[in-house]
Each structure stands twice: as structure tokens, then as C-alpha cells.
Amino acid sequence: MKNHQLILLTTVLFITLFYGETMGLNFGILGIAYALITLFKTPEGNRTRTFLILFVTTVLSSIAFGWYGDFVSFLAVFTSAFLLAFKSKNRDLKSIFVIPVFVVNFITFPYRFFKFDEWLPKRNTSGTLQKLISVILIPAFFIIIFFAVYSAGSEHFSKLFIDFHFEFNFWEFFVLGCLGFFIAFNYWNFKIDHFVFGWNHDLKNDFLNEDKIQKPTYSFLDLDSERKSGVVSLLALNILLLIFIVTFNYEQFIEIPKTPNQLSTETHDRVNAVIISIVMAIGVIMFYFKGSFNFDKNAKSLKFLAKTWMVLNAVLVISAFAKNSEYIISYGLTYKRLGVYAFLILSIIGLILTFLKIQKEKTNAFLFNHMVWYFYGTILVCSFINWGSLATSYNIKNSKGNFEYLRSLNFNDELLYQKFPNEMNMTTDFENLRREQDKPFLSKIIYYQTLK
């Protein structure tokens, strides 16, 4: 199938799935359809292991959206599908470029749409098809557009057509058509600009031979001075971090306990400080080990201090991890506290990758190329697991949180009906549940259909 045929097909599919429906199972079906068409359309040479993994994750995240229908699963489908499309077109480009490539394509959509010669067939159009396009499709397009404009500008004009007993929501059809076409056009007909291939070279994981030549970074500092600057800086930062770890742990585990609100605020502030500290630490390491210092035989002290700083930062993360666990044991599980775990785990992964960067003499791009996959993996994990039910189950078993708080968590209805049947019957949750279960098939969220 040609691109213009795929655009038309998936636009029609989008309208068919969403017309007269709310978002639910239909979006999951759309994601699976896009994944299957992409699989069959992609040349054998581009069906790499990464591509096939992305195909599977696109299908699984689409199923997750059909089950939960929440924002995280939507983000997982969106990210997976566009990564799949990106890898189907070029197997060698770094995955981090999926963001700038599609942002540029979304912005330049109006310009690229009107370049018909680039995405519509140029020749071999039969006479019948030419008549169909010229006599029916193009006039129908203009009639629909001006009909919408005139209906908005004249009530009497609109009533002339509204009085017909033909149940058709033109505006919904028009908006869905535009949105479906926008998604399909950018998915099947996206363009990778030449500058991306130049950037791809700069984001290599390993240094080239010319990068290993010992030379100063700045004209006002020779190599020895720059090396000494790194040693002094990292030595001072190690001492400073050691003092911070001591005071951080004293405030968290020894100081007189405070009220829950004070403790909550201080815990989040300290975790934020830890995460910012880790990001800055990785930034400093990238500053000193961006080039020839990775291969400098006289930089053993610099490497040792850098690795020591990574280990101390890991101790800091473990301290924050322990405090968050203590906080959960004392006051229960929440989305924010689960989020703290996620950020701390990503911080540890970042530190490990930075340590490996120094140990294995990798480029700074090595960190970005790998971390993008860990962030993507985090989105996938968040979309697959029912965190609301998990938190509710933990809190009920450990007598943490009241009914009103537990009710604010998502996808925990069955647990709440078991534990608080009277309270649930007094709320509007039962009516909301029935409303969800009575939705048309394409608008359904599977999770609600499993509840009795």
C-alpha cells in the first residue's frame, strides 16, 4: 500500500471507531491496527529486534489502554506507536530523535499537506478516478467547509438543514476527520530532515580515534591545569557531599519527629534535593569526561574521585529510598510516594550508567541514548500495573488512610465495595460504575466490565 492509501484507510478507521463514541476500547483497537499495518509495511531489513520489541509493546500498551483508559496508558500507546514508526523508516537513527522529528513534522504539517506532489500519486490515475476526484471529492470538500461556515453564521440557514430527521453530527464528523487525518498523515508520511543524520553521528556511544588525542578543552587552560581543576573540584565536592549525607540522614532518622504535614513537605523537599543533586552530579562528570580525559593516563586520580562521587551519590539515593519507605510504613501508600520510588530508581540507573561511562570510556551521548529507553520503560510499567488497586490493598491491610482518601485512588472499586459496602452505596460511585458499564462497545473500558 502507498502512503496516501494508508492515510486514507487509517483516517476512515479513526472516524469509524470514534464517531458517536467516547475514548475507550476504540483507541486500543486503533493502536493495534496501526501496529499491525506498520509491521506488514516495514521492509524486512528494518524489522530489527528493537522494532519487533516496539511492535509488541505497542500492542500491549494498546491493550492496557483498552483495560484502564487512563492518561499513562494513552502516553504509552502514543510513545510506542511513534517509536515503532520511527524505527520502521530508519533502523540506525538514535531513538532520542523521535521527539524532535515528530515535533517538527507536527509543526510543519500545514506546509507539507499542500505539497501534494510529494504524497499523492503523480500519474497512472484512471479516467474514472479523475472524474471521481474532480466532480465529487473536491467539490464535496469545499461544500462541507462552506456549509460549516454558513451554518455558524446564520441560524435560519442552519435550521433549513437541522429540521431534516437525519441524525448526523456534522461537526463531530468533521473534527474527527481532521484529527484522524492529522495523525495518519504525520504517522505514515513523516519526514526526517538531513540535519538529524548529522546529529546522529554526534550522538555516537563510542569515541573515534581523533577524539582520543590529548588536547585542552579551552584555550586559556592547558591540559595539566584542566586536570588539576577537575581533581580539586571533585575532591571538594566529595567532602561537601559527605557532609550533606551526614546532615541529611541526621534530619531524617535522628531528629525529633514532626507532624505528618511537616514530615510530608520536608520529605518531598529532600527527595527533590536528592534528584537535583544527582542530575547536577552527572552533569559535572559529563563536563570533565566529555573527551580526552577518558583516555588520559595521568587522570587516574580524577577518575577515582569521580567514581567515589558516584558511589556517595548512590548512598544519598539509598537514604532517600529508606526514608520514603519509612514514610509509607507510617502513613500509607500514595501515588506521589510511588512516584518518588520511580524517580529514585531512575536516579540510580543514571548513576550506574555514568559509572559505566567512565569505566568503559564511553561518550556523553551514551547516557542519553540509554536513559531514553529507561524512561520509556518506566512509562510502560506504569501503564501495565494497577497502582491504585495496589496502594488501596496495602493501605487497607495496614489500616492506613480513610475511606475518602482511598476513594480518590483509581481502579480500586472492587476492594472498596468489599471493605466499605455501606459507604460506597451512599456515594455516586455505583451510578458512575453502571454508566461506564452501559457505554457502547467501542467506548467501554474493560476494567469496569470485570466488576460485578
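It should be noted that the structure appears before, not after, this text.
Please read all numbers here as calculations on a predicted model, not as lab measurements.

Description of the pattern of salt bridges
Here the structure, examined in full by the defined rule, presents six salt bridges. Residues lysine 362 and aspartate 206 are paired through a salt bridge, measuring 2.6 Å at the closest nitrogen-oxygen approach. Here aspartate 206 lies in the loop between α11 (194-202) and α12 (223-253) and lysine 362 lies in the loop between α15 (335-359) and α16 (365-384), a separation of 156 residues in the sequence. The partner of glutamate 361 in a salt bridge is lysine 303, with the nearest N and O atoms 3.8 Å apart. Taken together, the residues glutamate 361 in the loop between α15 and α16 and lysine 303 in helix α14 (residues 300-331) connect sequence positions 58 residues apart.

Section: the environment of isoleucine 445
Following the sequence through the fold, isoleucine 445 ends up in the loop between α21 (429-437) and α22 (446-449). On the basis of relative accessibility, which here comes to 6%, the residue isoleucine 445 falls in the buried class. A C-alpha to C-alpha distance of 5.5 Å links isoleucine 445 and tryptophan 67, two positions 378 residues apart in sequence. Beyond its immediate chain neighbours, meaning those up to four positions away, isoleucine 445 contacts Met23, Gly24, Phe65, Gly66, Trp67, Tyr68, Gly69 and Glu436.

Considering the environment of leucine 36
Mapped onto the fold, leucine 36 is located in helix α2 (residues 25-41). It is 9.6 Å that separates the C-alpha atoms of leucine 36 and threonine 58, two residues lying 22 residues apart in sequence.

Re the nonpolar core
Buried together is how nonpolar side chains tend to be arranged in soluble globular proteins. Counting 45 residues, the largest nonpolar core has Phe86, Val101, Phe102 and Tyr187 as the members making the most contacts within it. Of all elements in the fold, only α1 (3-18), α2, α3 (49-68), α4 (71-89), α5 (98-107), α10 (170-188) and α16 reach the threshold of two or more residues within this core. The biggest single contributor to this core is α4, with eight residues. Apart from residues no more than four positions distant in its own chain, phenylalanine 86 is found in contact with Leu93, Lys94, Ser95, Phe97, Val98, Val101, Phe102, Phe190 and Ile192.

Reading guide: rules and limits
Residues numbered from 1 in each chain as written. Predicted model: local features only at pLDDT ≥ 70, side-chain atom pairs only at ≥ 80, totals over all residues. Heavy atoms only, no water. Salt bridge = Lys/Arg side-chain N within 4 Å of Asp/Glu carboxyl O. Helix = DSSP H or I, 4+ residues; strand = E, 2+ residues; numbered from the N terminus. Buried < 20%, exposed > 50% of the residue type's maximum accessible area, 1.4 Å probe, protein only. Contact = heavy atoms within 4.5 Å. Core = buried A, V, L, I, M, F, W, Y, C linked by side-chain atoms within 4.5 Å.

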